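# Working through the structure, step by step
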Amino acid sequence: MKTGQKFKALRNHPLIDVLRRNKGNPRKLILMEPLWGIPANLIFPFATLYMYTQGITDVQIGLILSLGMVAQVFFSFFGGIITDKLGRKFTTMMGDFFGWSIACLIWAISDNFWLFLIAALVNCFEYINQTAWFCLLIEDAEPKDLVSVYTWAHIGGLVAIFFAPISGLLINNYSLVPVIRVLYIVFAVNMLIKIVITYRYCTETKQGAIRKAESKNTTVFQMINEYKKLIPKVLRNRNIMKVIIVSVILHVANLISLSFFGLYVTQRLGIAESYLAFFPILNAAVMLIFMVGVQHRLDSVSFRIPMWSGFILYALCLTLLILTPIGNVSFVIIYVFFTAVATAMIMPRKDALLQLNIDPVERARINALILAFTIAFASPFGYFAGWLSSIDRRLPFAFIFVIFIIAIIIVGRIRDPKFEENE
């Protein structure tokens with residue numbers, strides 16, 4: 001194929017077409033995502049080891065996770081009210097400032113349980129930001145484009161993962177703790193830059209402007225009282241409840257995997273710490289290839305079948321990981337490879353499916369309620385997973401396997417959405 005033909009094919013790719021048509025906030029937020037993703041992916045593979053190396057035990061790590069999640073419920077619950085009253089744009093900037101810039105500066109100086117706990121609690125401002133950011137991302141986009149928009153959001157973070165070897169090289173040349181401290185400072189500065197760009201180039205959404213005007217003369221207590229009507233509305237919607245349960249399962253699984261995968265492969269399987277920077281790269285490469293080359297080909301397939309297939313693949317991968325012989329890195333690579341495929345099939349569809357079943361008028365508050373419920377239900381599992389890991393580092397992943405079986409059953413009962421165009 002000639003260069004001109006390749007360029008034309010690239011321009012006509014469905015993902016490129018969606019980005020070209022959604023010129024406002026979706027494009028700008030997606031292009032900014034590496035500002036968060038690059039430092040995050042330099043740090044996250046080593047975050048648990050950063051604590052563990054400084055004397056934080058498995059149980060204390062689990063306790064920090066669980067206490068942080070209790071605080072996240074509080075912030076998530078009020079996230080919808082704050083997003084409606086202050087606007088999607090301002091709330092996003094506020095969440096980035098406190099939830100990431102300030103939290104990262106605290107993490108950078110942490111050397112004991114209490115400082116790590118304070119950093120985790122300050123990071124909970126991010127859960128106000130999540131409600132606002134997703135509203136800012138998708139509210140002015142066409143409903144039929146949501147899977148592609150969410151795919152781009154994932155791609156924006158995945159591209160940043162290819163910078164992960166930098167942290168591995170730095171740690172090999174120096175040592176883990178000082179390198180991670182510096183990276184947390186870089187993270188804080190990056191988020192300040194992201195705030196400035198958001199302020200300069202993003203705009204309030206149409207629905208955000210309407211809700212800001214409507215709630216201007218409504219007190220916070222009145223808006224809290226209105227949850228009495230919203231909560232039964234969510235509970236009565238079977239489609240939303242099914243997706244919420246799947247979201248909770250994924251949240252718990254992600255929490256446990258991110259927190260204990262590094263400890264499992266290094267402390268039990270005896271695999272070198274340097275591989276922890278390689279695994280996210282493999283994961284990102286596989287997801288990118290799948291999202292760019294395969295994802296749009298599944299658009300004609302129902303939401304349910306790719307999600308269902310993804311969870312079955314997840315379960316098979318966990319079985320492989322649990323049975324991996326000590327020192328066998330090839331099994332871990334296979335696990336990472338196929339888990340990436342499963343994630344690419346599930347996550348954009350799960351996110352889009354949830355938004356397509358939500359009343360657009362109450363999107364911020366319903367999203368906040370769902371996020372609060374998800375975190376509240378998942379909060380005990382951080383400590384529980386830490387306790388399981390202290391007994392046998394395989395047990396947290398056996399637990400994930402069990403809850404994925406539940407997800408497989410639920411996804412089989414989900415109905416595909418019907419699309420309506422934005423006016």
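A brief structural summary. (Residues numbered from 1 in each chain as written. Predicted model: local features only at pLDDT ≥ 70, side-chain atom pairs only at ≥ 80, totals over all residues. Heavy atoms only, no water.)

Looking now at the overall build of the protein chain. Regarding its fold elements, the protein chain presents 20 helices and 0 strands. Taking 423 residues into account, the globule formula puts the C-alpha radius of gyration at 22 Å, and the protein chain, at 21 Å, falls close to it. Taken over 423 residues, the protein chain has a buried fraction of 55%. Across the protein chain, the fraction of contacts at a sequence separation of at least 24, relative to all contacts at a separation of at least 6, is 85%. (Helix = DSSP H or I, 4+ residues; strand = E, 2+ residues; numbered from the N terminus. Rg over C-alpha atoms; globule rule 2.2 N^0.38 Å. Buried < 20%, exposed > 50% of the residue type's maximum accessible area, 1.4 Å probe, protein only. Contact = heavy atoms within 4.5 Å.)

Right, let's talk about the packing of helix α13 (residues 227–236) against helix α14 (residues 238–268) for a bit. Geometrically, a packed helix pair is captured by the angle between its two axes and the distance between the axes. Their axes nearest at 5 Å, the elements α13 and α14 cross at an angle of 85 degrees. As the angle between them shows, α13 and α14 are arranged roughly perpendicular. Each of Val234, Leu235 and Arg236 in α13 lies in contact with α14, whose residues at this interface are Arg238, Ile240, Met241 and Ile244. Of the residues in the contact of α13 with α14, the class split is 5 nonpolar, no polar and 2 charged. (Axes fitted to C-alpha atoms, helices over the stretch in contact; angles between N-to-C directions. Parallel < 35°, antiparallel > 145°, perpendicular 65-115°, else oblique. Nonpolar A, V, L, I, M, F, W, Y, C, P; charged D, E, K, R; others polar.)

Time to look at the pattern of salt bridges. Counting across every chain of the model gives 8 salt bridges. For Lys194, the salt bridge goes to Asp96, with nearest N and O atoms at 2.9 Å. Of this pair, Lys194 sits in helix α10 (residues 176–201) while Asp96 sits in helix α5 (residues 88–109), and the two are 98 residues apart along the sequence. When sorted by exposure, Lys194 lands in the same class as Asp96, which is buried. A single salt-bridge network, built from bridges that share partners, covers Asp84, Arg88, Glu139, Arg211, Glu214 and Arg365. (Salt bridge = Lys/Arg side-chain N within 4 Å of Asp/Glu carboxyl O.)

What follows is about the environment of Phe401. One can find Phe401 in helix α20 (residues 395–411). Given a relative accessible area of 28%, Phe401 falls into the partly exposed group.

All right, on to a nonpolar patch on the surface then. Nonpolar side chains collect at one region of the surface, where Val59, Leu63, Leu67, Tyr383, Trp387, Ile391 and Leu395 lie side by side and expose about 580 Å² of accessible area between them. Of all the secondary structure elements, the ones that give two or more residues to the nonpolar patch are α4 (58–86) and α19 (380–391). Here Ile391 is to be found in helix α19. Here Ile391 falls in the exposed class, since its relative accessible area comes to 52%. (Patch = residues over 30% accessible without salt bridge, like charges linked within 9 Å, V, L, I, M, F, W, Y side chains within 5 Å. Areas by Shrake-Rupley, 256 points an atom, 1.4 Å probe, with all protein chains shown as cover.)

The subject of this paragraph is the environment of Ala153. One can find Ala153 in helix α8 (residues 146–161). A relative accessible area of 13% means that Ala153 is categorised as buried. Here the alpha-carbon distance between Ala153 and Leu31, two residues 122 residues apart in the chain, equals 8.8 Å. For Ala153, the contacting residues outside a window of four places in its chain are Ile30, Glu33, Trp133 and Leu137.

So, about the packing of aromatic side chains. Inspection of every chain in the model, using the stated rule, returns 27 aromatic pairs. Taken together, a centroid distance of 5.7 Å and an interplanar angle of 50 degrees make the contact between Tyr50 and Tyr184 tilted. Within this pair, whereas Tyr50 is found in helix α3 (residues 25–53), its partner Tyr184 is found in helix α10, the two being separated by 134 residues in sequence. The same class applies to Tyr50 and to Tyr184, which are both buried. The interplanar angle of 90 degrees and the centroid separation of 5.6 Å between the aromatic rings of Phe74 and Phe75 together place this pair among those described as edge-to-face. (Phe/Tyr/Trp six-rings, centres within 6.5 Å; stacked < 30°, edge-to-face > 60°.)

Core analysis: the largest hydrophobic core is formed by 133 residues, its most contacted members being Leu137, Ile180, Tyr184, Phe261, Val265, Phe311 and Phe404. When neighbours within four sequence positions are excluded, Val265 is seen to be in contact with Gly270, Ile271, Leu276, Phe279 and Val332. Within the second largest apolar cluster, 5 residues are counted, among which are Phe75, Met94, Cys124 and Ile128. (Core = buried A, V, L, I, M, F, W, Y, C linked by side-chain atoms within 4.5 Å.)

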